[in-house]
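Architecture at a glance
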Amino acid sequence: MPATADSVLPARGRVQYYWRGLHVPFIATWSFETVFHPQVIRASYRGVWGISYTDELEVADRRHGALWVRQAVARGKGTPALAGVHPMRQRQAMAHLLCQVCGNSTFDEHWKFWGERHLFLMRALHPGQVKSDGETTDSPAVCLPCALESVEACSHIRQGWTAALVKDARPWGVAGVLHDPTTLEPSLGPRKRLIERPFGHKEYAWINAARELVQLEGVTPVDLRELAAEAASADIKITALPADGC
């Protein structure tokens, strides 16, 4: 099996970047990370018709059969877009259950304490919203220190959030720009949202993917501050983030 950017497990202890006092999430984009727009054509990939690039490189451009958006990789270079999402790093975070903020593994002491469950923190679309088994998300897992920081510092999350401990996050599909099979005209969903399609859907191969989605199983809604208090009472240390970086 050829090595890809997603098949290499990232090391622990990543450099952490800050911008104007805010921690820049691992999955955030930077101004030097140019988005490329290669020509899209109709093509058959492993017997399934869909979209392709004229100069497609399977190792870099494909995952689970989907054609992915091309974007340069230059983390830490230029100005960060704190609410932006880099396709490759989001994909890495989903594949390896990395914290979307610090980029380190969420297979940590808290994971063990929680009965081998991962913490997910997501934007709530309405007050009191909770996640349940079978729901999907494009928001990767998060470690407890970063989750506590996010609900205080991230304006996007502060508008409303929901948190849950999750036993399993199974690959479900992708979200991206859908191309018409006849005209190749690109389209988005309502409010210019990315269009989501599961594996095996008839339109899956016509999506230019920008996010990987997982399906949550073994979901238990939680309160972050209660989790922190329980960790403290069990003498599980919540380590402060390093202050290096930009």
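Every chain's residues receive numbers from 1 upward, in the order its sequence appears when written. Only residues with pLDDT of 70 or above have their local features reported here, since the model is predicted, and side-chain atom pairs are shown and tallied only from 80 upward, although totals for entire chains, interfaces and linings are computed over all residues. Values shown for side chains rest on all heavy atoms present in the structure; no hydrogens or waters enter the calculation.

So, about the pattern of salt bridges. Pairs can form between side chains of opposite charge whenever their charged atoms are close. A side-chain nitrogen of Lys or Arg and a carboxyl oxygen of Asp or Glu constitute a salt bridge if their distance falls within 4 Å. One pass over the full model with this rule turns up eleven salt bridges. The salt bridge involving glutamate 135 is made with lysine 131; its shortest N-O contact spans 3.5 Å. Judged by relative accessible area, glutamate 135 falls into the partly exposed class, the value being 24%. Residue arginine 225 is joined to glutamate 152 by a salt bridge in which the shortest nitrogen-to-oxygen separation is 3.0 Å. Pair noted here: arginine 225 is in helix H6 (residues 224-233) and glutamate 152 is in helix H4 (residues 144-153), with a separation of 73 residues, a long-range link. Between buried and exposed lies partly exposed: a residue is buried under 20% and exposed over 50% of the maximum accessible area for its type, with that area taken using a 1.4 Å probe on protein chains only. When its relative accessible area of 52% is taken as the criterion, glutamate 152 is described as exposed. A run of H or I in DSSP counts as a helix once it spans at least four residues, and a run of E counts as a strand once it spans at least two, with each numbered from the N terminus.

At a closest axis distance of 10 Å, the pairing of H4 and H6 adopts a crossing angle of 145°. Read as a crossing pair, H4 and H6 show a hand that is left-handed. Between H4 and H6, the contacting residues are Leu144, Ala147, Leu148, Val151 and Glu152 on the first element and Leu224, Arg225, Leu227, Ala228 and Ala231 on the second. Here the contact of H4 with H6 is composed, by residue class, of eight nonpolar, no polar and two charged. Only the stretch in contact is used when fitting a helix axis, every axis being a line fitted to C-alpha atoms; angles between N-to-C directions are given from 0 to 180 degrees. Two helices crossing with the near one rotated counterclockwise from the far one by less than a right angle form a left-handed crossing, whereas a clockwise rotation gives a right-handed crossing. Whether two residues are in contact is decided by their heavy atoms, any of which lying within 4.5 Å being enough. Each residue receives one of three labels: charged for Asp, Glu, Lys and Arg, nonpolar for Ala, Val, Leu, Ile, Met, Phe, Trp, Tyr, Cys and Pro, and polar for the others, Gly being one of them.

What follows deals with the nonpolar core. Counting 20 residues, the largest nonpolar core has Leu119, Leu121, Val142, Leu224 and Leu227 as the members making the most contacts within it. Mapped onto this core, the elements with two or more residues apiece are strand E11 (118-123), H4, strand E13 (161-179) and H6. Here this core takes four residues from H4, the largest share from any one element. Only buried residues count toward a nonpolar core. Its members are Ala, Val, Leu, Ile, Met, Phe, Trp, Tyr and Cys residues joined through side-chain atoms within 4.5 Å.

It is worth spelling out helix H2 (residues 87-96) at this point. The buried count for H2 comes to nine of ten residues, which makes it a mostly enclosed element. Listing the buried residues of H2 in full gives Pro87, Met88, Arg89, Gln90, Arg91, Gln92, Ala93, Met94 and His96. Of the residues trailing H2, leucine 97 is marked for its positive phi of about 50°.

On to the confidence of the model for the protein, then. Parts of the prediction with low pLDDT should not have their coordinates interpreted in detail. Within the protein, residue pLDDT values average 89, and 90% of them lie at 70 or more. pLDDT measures how confident the predictor is about each residue, on a scale from 0 to 100. Predicted confidence is poor over residues 7-11, with pLDDT under 50, and the contacts of this stretch with residues over four places away or in other chains come to five contacts. Residue range residues 240-246 is modelled with pLDDT below 50. Its contacts to residues more than four positions away, or to other chains, number 17 contacts.

The next thing to look at is the packing of aromatic side chains. Stacked, tilted and edge-to-face pairs are distinguished by plane angle, under 30 degrees for stacked and over 60 for edge-to-face with tilted covering the rest, among Phe, Tyr and Trp rings (Trp via its six-membered ring) whose centres lie within 6.5 Å. Tallying each qualifying case throughout the model produces three aromatic pairs. For the ring pair phenylalanine 107 and tryptophan 111, a centre distance of 4.9 Å and an interplane angle of 70° mean the geometry is edge-to-face. Arranged with centres 5.6 Å apart and planes meeting at 70°, the rings of phenylalanine 199 and tyrosine 204 form a pair that is edge-to-face. Here phenylalanine 199 falls in the partly exposed class, since its relative accessible area comes to 33%. Charge-over-ring contacts are defined here by two conditions on Lys NZ or Arg CZ: a distance within 6 Å of the ring centre and an angle within 35 degrees of the ring normal. The cationic tip of arginine 62 hangs over the ring face of tyrosine 45; the distance from NZ or CZ to the ring centre is 4.2 Å.

Turning next to the side chain of threonine 162. Within the element layout of this structure, threonine 162 appears in strand E13. Overall, the relative accessible area of 4% leaves threonine 162 in the buried class. Not counting the four nearest positions on each side in its chain, threonine 162 is found in contact with Phe120, Leu121, Met122, Arg123, Ala124, Gln129, Val130 and Lys131.

What follows concerns the pairing of strand E15 (residues 195-198). Burial along E15 is one-sided: Ile195 and Arg197 are buried, and none of Glu196 and Pro198, which face the opposite way, are. Inspection of the sheet shows E13 paired to E15 by four bridges, in the antiparallel sense. Across the sheet, the residue bridging to valine 174 is arginine 197, located in E15. For two strands to be treated as a pair, DSSP must find at least two bridges joining them.

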